Amino acid sequence: MRNLTLILAAALTLPALAQTPTTPTPAQTAAAAVPSADTTWWKHAVVYEIYPRSFKDSNGDGIGDLNGITSRLDYLQHLGVDAIWIAPMYPSPQVDFGYDISNYEAIDPQYGTLADFDRLLKSAEQHHIRILLDMVMNHTSDKHPWFIDSASSRTNPHANWYIWNDGKPTSDPRAPNAHKGPHGWVVPPNNWSSLFQGSAWEWVESRRQFYYHFFYKQQPDLNYRNPAVEKAMFDAVRFWLDRGVSGFRLDAIATIYEDPSLKDEPLTGHLDASGFPESNHTLTSDLPEVHDFLQRLHNVVAKYPDRMLIGEIYTPNTTTLRSWYGTADKPELELPMDTLLGFHKEGAGITNAANPTLTAAHFRKYITEAETELDGHTPLFVFDNHDNERSWDRFTTPNETFEQKENIAKIIATVLYTTHAASLTYYGAEIGMTTHTPTRKEDVQDPIGITGWPKEKGRDGERTPMQWTPGPQAGFSTNLHTWLPIGDDYKTINTQTESTDPHSLLRWTENLTTLRRSNPALHDGGIIMLDNTNASVLSYIRTAPKGARPVLISLNMTAQPQTIHLDLAAMAGIAVHSLKSLFGTEDLSTFACKDCTQPAFTTDLTLPPYASFIAEVQ
Ligand code: NOJ
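Only a predicted model underlies this, so the values are computations on that prediction, with no experimental measurement involved.

(A) Structural detail: the packing of helix H8 (residues 227-243) against helix H9 (residues 289-302). As a packed pair, H8 and H9 sit with axes 10 Å apart at the nearest point and diverge in direction by 30 degrees. Along this stretch, H8 crosses H9, giving a crossing that reads as right-handed. Touching Glu230, Phe234, Val237, Arg238 and Leu241 of H8 are Phe293, Arg296, Leu297, Val300 and Val301, all from H9. Among the residues making up the contact of H8 with H9, the classes are represented as seven nonpolar, no polar and three charged.

Shown next as structure tokens:
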């Protein structure tokens with residue numbers, strides 16, 4: 001999907017909050033530079049998102065499944081993954097490919113059985129990999145028994161589990177979405193729009209009422225003002241925690257409450273792809289109540305040792321992001337997603353007009369803010385997920401060569417794994433999978449791509465099957481008909497081919513995750529941003545815990561060679577005798593030392609176009 005992030009950013013946050021200043025206070029900068037020996041697992045985690053339909057098909061039906069995931073745990077362990085987040089694999093009519101759940105305590109037969117899930121958990125533990133599930137709390141499927149019951153009458157036991165409304169009287173039976181209610185013709189109570197096009201209100205004849213849905217009409221919103229709903233959802237959470245999962249990624253968590261006034265929302269002034277006026281979701285997203293809810297949910301999860309919560313959060317700035325951690329007394333999310341660095345367009349046009357997002361200024365701003373303005377909380381950097389065009393395509397331009405694009409992907413990977421943040425990797429990003437947007441409407445699977453065609457082509461492009469081998473169906477399935485077509489670049493972009501190429505993105509990623517675990521500065525070090533006015537090259541130091549050595553990272557974000565002069569004594573108070581290259585995109589060892597067993601002192605480096613350079617300060 002081309003613009004879900006932008007829509008979500010506007011929809012799931014309070015747009016009126018002011019932009020935070022980019023210059024941290026000296027105290028914030030000093031605090032960020034201090035190493036910490038905190039061993040809490042998720043603070044260092046490489047989290048890997050698996051879209052189960054697309055990862056590995058074990059039974060030849062063309063759809064990925066749990067046994068497929070189990071069969072690839074060796075690969076994930078080798079890649080350095082600490083935890084996998086599995087997108088919803090519960091029973092579902094699959095309108096939104098699992099994000100419409102009809103039973104929170106079982107596995108969809110397309111993906112396997114509970115026994116398969118338990119085997120996956122056990123095997124993952126043997127591979128030192130934790131499992132995080134996707135918990136979709138905002139809505140259920142319209143085929144969930146709760147909704148079927150709720151929709152059947154106004155008096156059933158679940159009557160008040162969803163957001164029902166009589167609507168507003170109208171004298172015009174031909175008005176859009178007009179229906180005959182018990183007391184005459186009615187239209188929806190307000191102008192709220194669905195994020196997935198059209199009105200957010202859907203009529204149900206059996207109740208002669210509308211229900212509210214933030215997403216598809218097959219995803220009715222639950223009514224969290226009814227305590228029975230919260231209890232049922234917390235029971236589902238306990239069900240999986242008791243089974244042994246290490247936590248959850250909370251889907252669309254900002255949208256679980258709606259303003260009971262049901263007033264109109266301001267309009268954005270745009271029509272969605274179906275032609276409906278979009279409302280700005282000020283009364284349907286990020287209401288204060290959600291923070292109290294998260295505190296209660298956190299209490300449930302905290303009863304189990306070592307568990308954690310990731311939140312799907314899109315915020316307009318770091319101040320808003322900070323609010324999702326809660327406070328020391330009232331914690332909320334361990335890792336709200338920091339999507340500013342990976343998706344936010346605010347740094348646009350600062351230094352690189354051809355490619356506005358890939359600029360030193362953009363990266364510097366959001367890394368600095370994440371490291372200094374989150375009150376010491378761990379950021380979770382995200383560049384890719386199943387809702388957005390892959391970063392390979394967003395951070396590059398069509399006229400760049402494959403090699404340039406690959407080097408840009410290496411820059412992104414370097415930022416993901418060498419800052420102090422926890423990291424999120426979407427399956428396939430580690431091999432440079434590209435977005436394969438459908439070119440014909442009849443091929444589209446994602447409903448928003450069908451209703452929105454051609455303006456909105458949906459999210460199929462970023463969900464194509466994982467490319468394992470250069471062989472048939474890229475080794476994803478034995479079935480000729482996979483649920484989405486295999487990307488046509490699979491012969492070169494696949495794990496098997498890349499594992500034998502020492503310069504591949506896959507090998508680069510493996511090297512980085514290994515270094516992140518084994519190098520004390522990358523694991524526990526603080527961070528000092530360097531050379532802050534350099535418009536072309538992003539440089540930072542990970543400071544070293546006692547007895548270890550700092551690590552320098554320099555990334556050339558331009559298509560030209562760039563020479564940098566880093567006076568580390570002046571910039572970071574670090575006396576340098578030599579820089580020992582740990583690795584770099586080209587043979588950058590020559591920039592720091594002729595032969596890395598004989599490191600030579602230098603602080604002047606010329607970095608080739610889009611080069612990454614990682615060196616130990618000695
Ligand atoms: C966000 C999920 O990431 C997306 O895939 C889904 O369609 C919506 N939430 C609705 O659950």
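(B) Molecular detail of the site of the ligand. The full set of residues close to the ligand is Asp96, Tyr99, His139, Phe196, Phe215, Arg249, Asp251, Glu312, His386, Asp387, Arg459 and Arg463. Take aspartate 96: an N or O atom from its side chain is 2.5 Å from an oxygen atom of the ligand. Aspartate 387 is positioned with one of its side-chain polar atoms (N or O) 2.5 Å from an oxygen atom of the ligand. Burial of the ligand by the protein chains amounts to 99% of its free accessible area of 290 Å². Across the shell around the ligand, the residue classes tally to three nonpolar, two polar and seven charged.

(C) Representation of the packing of aromatic side chains in the model. Following the criterion strictly, the structure yields 33 aromatic pairs and no others. Summarising the aromatic geometry, the rings of tryptophan 164 and tyrosine 211 are spaced 5.6 Å apart at their centres and angled 70 degrees between planes, so their arrangement reads as edge-to-face. One end of the pair, tryptophan 164, is in strand E4 (residues 164-165); the other, tyrosine 211, is in strand E9 (residues 209-212), with 47 residues separating them in the sequence. By the burial criterion, tryptophan 164 is buried, and tyrosine 211 matches it. Geometrically, the ring pair formed by phenylalanine 234 and phenylalanine 293 is tilted, given 5.5 Å between the ring centres and 45 degrees between the ring planes. Taken together, the residues phenylalanine 234 in helix H8 and phenylalanine 293 in helix H9 connect sequence positions 59 residues apart.

(D) Representation of the side chain of serine 199. Note that serine 199 resides in the loop between strand E7 (184-187) and strand E8 (201-204). Accessibility expressed as a relative area gives 17% for serine 199, which makes it buried. The residues contacting serine 199, other than those within four sequence positions of it, are Asn177, Pro188, Trp192, Ser194, His213 and Phe276.

(E) Quick look at the nonpolar core. Within the largest apolar cluster, 144 residues are counted, with the highest numbers of intra-cluster contacts made by Tyr48 and Trp240. Considering every element that reaches this core, the biggest residue donor is H8, with nine residues. The next biggest cluster of nonpolar side chains, apart from the first, holds 19 residues, and it includes Ala572, Ile574, Val576 and Phe613.

(F) Summary view of the sheet that holds strand E14 (residues 335-338). The eight strands are arranged E1-E2-E3-E10-E13-E14-E15-E16 in a closed barrel whose pairing can be described as parallel. The sheet shows a mean angle of 25 degrees between the axes of neighbouring strands, taken without regard to direction. One ladder, built from two bridges, connects strand E13 (residues 308-311) with E14; its direction is parallel. By the bridge assignment, isoleucine 310 is partnered in E14 with leucine 335. Contacts from H8 reach strand E3 (130-136) and strand E10 (247-251) within the one sheet, and its direction differs from that of E3 by about 165 degrees. The sheet contacts of H9 involve E10 and E13, and relative to E13 the element is tilted by about 145 degrees.

(G) Expanded view of the sheet that holds E4. The antiparallel open sheet is built from three strands, whose spatial order is E4-E9-E8. Strands at the two margins of the open sheet, each flanked by one partner only, are E4 and E8. In the sheet, E8 pairs with E9 via four bridges, with the strands oriented antiparallel. By the bridge assignment for E9, valine 204 is matched with glutamine 209.

(H) Representation of H9. Taking 1.5 Å per residue as the helical rise, H9 with its 14 residues ought to reach 20 Å, and the 20 Å between its terminal C-alpha atoms agrees with that figure. When we look at burial in H9, the residues that qualify are Val290, His291, Phe293, Leu294, Gln295, Leu297, His298, Val300 and Val301. Buried-residue contacts for H9 involve H8, E10, E13 and helix H10 (318-323).

(I) Structural detail: the pattern of salt bridges. Inspection of the entire model under this criterion finds 22 salt bridges. When the shortest N-O distance is used, the salt bridge between aspartate 142 and lysine 143 registers 3.5 Å. Residues arginine 249 and aspartate 251 are paired through a salt bridge, measuring 2.8 Å at the closest nitrogen-oxygen approach. For the residue pair arginine 249 and aspartate 251, the accessibility class agrees, reading buried in each case. It is possible to trace a salt-bridge network through shared partners that takes in Asp96, Asp387, Asp446, Arg459 and Arg463.

Analysis parameters
Residues numbered from 1 in each chain as written. Predicted model: local features only at pLDDT ≥ 70, side-chain atom pairs only at ≥ 80, totals over all residues. Heavy atoms only, no water. Axes fitted to C-alpha atoms, helices over the stretch in contact; angles between N-to-C directions. Helix = DSSP H or I, 4+ residues; strand = E, 2+ residues; numbered from the N terminus. Left-handed = near helix turned anticlockwise from the far one by under 90°. Contact = heavy atoms within 4.5 Å. Nonpolar A, V, L, I, M, F, W, Y, C, P; charged D, E, K, R; others polar. Near = heavy atom within 4 Å. Polar contact = N/O pair within 3.5 Å; in protein donor to acceptor, adjacent residues only side chain to side chain. Areas by Shrake-Rupley, 256 points an atom, 1.4 Å probe, with all protein chains shown as cover. Phe/Tyr/Trp six-rings, centres within 6.5 Å; stacked < 30°, edge-to-face > 60°. Buried < 20%, exposed > 50% of the residue type's maximum accessible area, 1.4 Å probe, protein only. Core = buried A, V, L, I, M, F, W, Y, C linked by side-chain atoms within 4.5 Å. Pairing = 2+ DSSP bridges. Expected span 1.5 Å × (residues − 1). Salt bridge = Lys/Arg side-chain N within 4 Å of Asp/Glu carboxyl O.

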